[in-house]
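For reference, the chains in residue letters:
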Amino acid sequence: MKKQHRTRFALLMLLTLVVAVALIVINLCTNSEGLMKAHISHKYGIDENKITVLEYKPSHFDTDFGFLGLDASNTINYINRKWQCEYEGRQFVVEYFNLKYMDDYQLEDIFNWCTEYLQENYDKDIVGVKVYSDIIYHSPKYDFDYALPWGPNKVFNKNDAKAILGTMSKINFQQGDAGLSVFYEAKDLDFYAKFDSLGWNRTENENYYSFKSKKEKLLSHYGKCNIIVIDNVKFSRSDIGIVFTHNRQPIISTTDNKYVFNKHEES
């Protein structure tokens, strides 16, 4: 009986050792910057020698333990290795998990294609749509309530814009946004309405009713859709995806089918 126990223990230890060695070998092999560059080069048909690594974050365990469990989640999370890269002025992120390289190299392309699709099919005055890397792949660092309908290494093209927009309208992104966020640009609120001296009572004009009609068309198709009118809008990439910068609060925004005019809601 003792001999069988020792044999089982020895087999268990051997299996543990084999798994540990395998994980170390996989980690060392996939840790290669050259392999990552070769993958991106092959996937998109770009020059491997022109890919620059700006920052590398190795895989590690992230712990969150507080004293007596206070103010902490008491968890241990495995954080994937990540490369911040640049290719001919375009910055992008590459992560490695599930034995695959994941990247958001096409984020700007998706932004442009989705914006063009909305302009051609809904309203030519739309200037942009908020896009996150989450629409390309779901990092295991975050929890998502909606699975992506495409594989982790799909190469997108302009014809995918409709499917991408439909998928974005169903996702609650890691940043807390739900559905589409579509942008218009206007110099000031006078383009849509005149306010009294106190800023509460307003008289809408034809531009406002036209905007409202177009907004309702978007909402009827996509359901969850935030529409934002803003001045001097500029789009740029950050570590969470395409975001926008602006001088002040949105002129008009809609959430849950309500309008917000300079923070005054329309019932």
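Things to note about helix 5 (residues 206-222)
Okay, so step 1: End to end, helix 5 covers 24 Å across 17 residues, agreeing with the expected 24 Å (1.5 Å per residue, within 8%).
Okay, so step 2: Of the residues making up helix 5, those classed as buried are Tyr-208, Phe-211, Lys-215, Leu-218, Leu-219 and Tyr-222. One side of helix 5 holds all its buried residues, which, seen down the axis, span an arc of 100°. For helix 5, the exposed residues set more than 90 degrees away from the buried face come down to Glu-206 and Ser-220.
Okay, so step 3: Directly beyond the C-terminal end of helix 5, a positive phi value near 75° is found at Gly-223.

Notes on the packing of aromatic side chains
Okay, so step 1: Scanning the entire structure with this criterion turns up 10 aromatic pairs.
Okay, so step 2: Ring centres of Tyr-56 and Trp-83 lie 5.3 Å apart, and the angle between their planes is 35°; this geometry places the pair in the tilted category. Linking Tyr-56 in strand 1 (residues 51-57) with Trp-83 in strand 4 (residues 81-87), this pair joins segments that are 27 residues apart in sequence.
Okay, so step 3: Of the aromatic side chains, those joined through ring pairs into one cluster are Tyr-44, Tyr-87, Phe-92 and Tyr-105.
Okay, so step 4: Directly above the aromatic system of Tyr-105 lies the positively charged group of Arg-90, at a separation of 4.8 Å from the ring centroid.

Notes on the side chain of Lys-37
Okay, so step 1: Its place among the elements puts Lys-37 in helix 2 (residues 33-44).
Okay, so step 2: For Lys-37, the side chain forms a polar contact with the main-chain oxygen of Ile-51, separated by 3.1 Å.
Okay, so step 3: Not counting residues up to four positions away in its chain, the partners in contact with Lys-37 are Glu-48, Ile-51 and Val-53.

Considering the sheet that holds strand 5 (residues 90-97)
Okay, so step 1: Judged by pairing direction, the sheet is antiparallel, and its 4 strands sit side by side in the order 1-4-5-6 without closing on themselves. If you trace the sheet from one side to the other, it starts and ends with strand 1 and strand 6 (100-103), each paired once. Averaged over neighbouring strand pairs, the angle between their axes works out to 25° when direction is ignored.
Okay, so step 2: Where strand 5 meets strand 6, 4 bridges bridge the pair, whose relative direction is antiparallel. Counted as the bridge partner of Tyr-96 is Tyr-101 from strand 6.

Considering helix 2
Okay, so step 1: Over its 12 residues, helix 2 extends 17 Å from the first C-alpha to the last, a length consistent with the 16 Å expected when each residue adds 1.5 Å.
Okay, so step 2: Of all the residues in helix 2, the buried ones are Met-36, Lys-37, Ile-40, Ser-41, Lys-43 and Tyr-44. Down the axis of helix 2, the buried side of the element spans an arc of 170°, and every buried residue falls inside it.
Okay, so step 3: Within two residues after helix 2, Gly-45 carries a phi angle of roughly 65°, on the positive side.

Brief notes about the packing of helix 3 (residues 107-121) against helix 4 (residues 161-168)
Okay, so step 1: In the contact formed by helix 3 and helix 4, the axes pass within 9 Å of each other and the chain directions differ by 95°. Our classification of the angle between helix 3 and helix 4 gives roughly perpendicular. Across the interface between the two elements, Ile-110, Trp-113, Cys-114, Tyr-117 and Leu-118 from helix 3 touch Ala-161, Lys-162, Ile-164, Leu-165 and Met-168 from helix 4.
Okay, so step 2: Taken together, the residues of the contact of helix 3 with helix 4 break down into 9 nonpolar, no polar and 1 charged.

So, the pairing of strand 5
Okay, so step 1: Across the 8 residues of strand 5, 6 count as buried, placing the element largely inside the fold.
Okay, so step 2: Of the strand pairs in this sheet, strand 4 and strand 5 are connected by 7 bridges, and their pairing is antiparallel. Each residue of the ladder has a partner; that of Lys-82, found in strand 5, is Glu-95.
Okay, so step 3: Between the antiparallel neighbours strand 4 and strand 5 lie 2 residues, among them Glu-88 with a positive phi of about 45°.
Okay, so step 4: Between strand 5 and the antiparallel strand that follows it, strand 6, lie 2 residues; Asn-98 among them carries a positive phi value of about 55°.

Here we look at the confidence of the model for the protein chain
Okay, so step 1: When the pLDDT values of the protein chain are averaged, the result is 75; 60% of them are 70 or greater.
Okay, so step 2: Counted against residues more than four places away or in other chains, residues 261-267, with its pLDDT under 50, gives 21 contacts.

What counts, and at which threshold
Residues numbered from 1 in each chain as written. Predicted model: local features only at pLDDT ≥ 70, side-chain atom pairs only at ≥ 80, totals over all residues. Heavy atoms only, no water. Helix = DSSP H or I, 4+ residues; strand = E, 2+ residues; numbered from the N terminus. Expected span 1.5 Å × (residues − 1). Buried < 20%, exposed > 50% of the residue type's maximum accessible area, 1.4 Å probe, protein only. Arc of directions from axis to C-beta. Phe/Tyr/Trp six-rings, centres within 6.5 Å; stacked < 30°, edge-to-face > 60°. Lys NZ or Arg CZ within 6 Å of the ring centre and 35° of its normal. Polar contact = N/O pair within 3.5 Å; in protein donor to acceptor, adjacent residues only side chain to side chain. Contact = heavy atoms within 4.5 Å. Pairing = 2+ DSSP bridges. Axes fitted to C-alpha atoms, helices over the stretch in contact; angles between N-to-C directions. Parallel < 35°, antiparallel > 145°, perpendicular 65-115°, else oblique. Nonpolar A, V, L, I, M, F, W, Y, C, P; charged D, E, K, R; others polar. pLDDT = per-residue confidence, 0-100.

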